[in-house]
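Fold and geometry: a report
Each chain is listed here by its residues.
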Amino acid sequence: EAAADATPAGVASAKAAAEAAPADGASATTSGGEGGREAVLRAGSRGSLESAGEEVAVLLSGGVDSSVALRLLHDAGVRTRAFYLRIWLEDEDAHVASGECPWEEDWAYCTAVCEQAGVPLERVSLQREYSSLVVDYLISEARAGRTPNPDIMCNSRVKFGAFMDAVGTHFACVA
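An account of the accompanying structure is given in this report.

Rules used in this analysis
Residues numbered from 1 in each chain as written. Predicted model: local features only at pLDDT ≥ 70, side-chain atom pairs only at ≥ 80, totals over all residues. Heavy atoms only, no water. Helix = DSSP H or I, 4+ residues; strand = E, 2+ residues; numbered from the N terminus. Expected span 1.5 Å × (residues − 1). Bend = angle between axes of the 7 residues up to and from the residue. Buried < 20%, exposed > 50% of the residue type's maximum accessible area, 1.4 Å probe, protein only. Phe/Tyr/Trp six-rings, centres within 6.5 Å; stacked < 30°, edge-to-face > 60°. Lys NZ or Arg CZ within 6 Å of the ring centre and 35° of its normal. Axes fitted to C-alpha atoms, helices over the stretch in contact; angles between N-to-C directions. Parallel < 35°, antiparallel > 145°, perpendicular 65-115°, else oblique. Left-handed = near helix turned anticlockwise from the far one by under 90°. Contact = heavy atoms within 4.5 Å. Nonpolar A, V, L, I, M, F, W, Y, C, P; charged D, E, K, R; others polar. Core = buried A, V, L, I, M, F, W, Y, C linked by side-chain atoms within 4.5 Å.

It is worth spelling out helix H6 (residues 127-143) at this point. Taking 1.5 Å per residue as the helical rise, H6 with its 17 residues ought to reach 24 Å, and the 22 Å between its terminal C-alpha atoms agrees with that figure. Of all the bends in H6, the greatest, near 25°, is centred on Val-135. For H6, the complete set of buried residues consists of Gln-127, Tyr-130, Val-134, Val-135, Tyr-137 and Glu-141. Once H6 ends, the next one or two residues include Gly-145, with phi positive near 85°.

So, about the packing of aromatic side chains. One pass over the structure, following the stated rule, counts three aromatic pairs. Considering the side-chain rings of Phe-83 and Phe-171, the 5.6 Å spacing of their centres and the 80° angle between planes classify their relative orientation as edge-to-face. One end of the pair, Phe-83, is in strand E5 (residues 79-86); the other, Phe-171, is in the loop between helix H7 (150-166) and strand E7 (173-174), and 88 residues separate them in sequence. One exposure class covers both Phe-83 and Phe-171, and it is buried. The ring of Trp-107 is capped by Arg-123, whose NZ or CZ atom sits 4.3 Å from the centre of that ring.

Attention shifts here to the packing of H6 against H7. Where H6 contacts H7, the two axes come as close as 10 Å, and the packing angle between them is 155°. On the basis of the axis angle, H6 is roughly antiparallel to H7. By crossing handedness, the relation of H6 to H7 is classed as right-handed. In contact with Glu-129, Tyr-130, Leu-133, Val-134, Tyr-137 and Leu-138 of H6, H7 contributes Pro-150, Met-153, Cys-154, Arg-157, Val-158 and Ala-162. Per-class residue counts for the contact of H6 with H7 are ten nonpolar, no polar and two charged.

Turning next to the nonpolar core. Counting 19 residues, the largest nonpolar core has Phe-83, Val-124, Leu-126, Phe-163 and Val-167 as the members making the most contacts within it. Looking at this core, the elements that each hand over two or more residues are strand E4 (55-60), E5, H6 and H7. Counting residues per element, this core draws most heavily on H7, at six residues. Core analysis: the second largest hydrophobic core is formed by 17 residues, Leu-70, Leu-73, Ala-82 and Val-119 among them.

Another point: the packing of helix H3 (residues 64-75) against helix H5 (residues 104-117). Here H3 crosses H5 at 10°, and the two axes come no closer than 11 Å. As far as their axial angle goes, H5 and H3 are roughly parallel. Of H5, the residues touching H3 (which contributes Ser-67, Leu-70, Arg-71 and His-74) are Val-113, Cys-114, Gln-116 and Ala-117. Residues that form the contact of H3 with H5 fall into these classes: four nonpolar, three polar and one charged.

So this is what it looks like as structure tokens:
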């Protein structure tokens with residue numbers, strides 16, 4: 001099975017599987033190229049990620065963009081490990097108890113993409129961080145009469161904040 005569970009408190013499997021590497025200047029992007037898509041990697045002064053054999057953490061949402069990014073990196077020869085972030089709140093347990101799970105379909109898509117590519121997939125539970133860093137912000141801004149932007153807060157504070165602190169620092173970069 002390509003999928004496993006990870007939590008901020010217990011990311012031993014991710015840490016053991018990933019090579020610790022400094023994140024200075026590393027990034028991964030995708031772009032269209034002449035004759036098709038190509039993966040473009042910048043690893044600063046460390047050279048190419050492919051030749052260094054360093055592993056890239058790829059955040060998967062179950063959508064097209066992250067799935068294509070994973071596939072482009074993998075097809076370019078970059079060692080990848082995929083992560084699905086669970087950020088649902090208290091209603092999650094009620095849905096699970098009733099046999100419904102709001103993230104189940106996204107997880108199924110992520111699993112299928114990773115199995116097809118032969119890439120390991122792990123779940124990282126960041127519900128508490130999402131609640132305190134995004135939901136609390138949303139409520140505070142709405143009470144102050146401002147229009148909040150929870151997507152930006154989720155990206156900066158959870159995906160590239162809490163995830164980076166818990167797991168991402170053990171990879172060459174996070175895509």
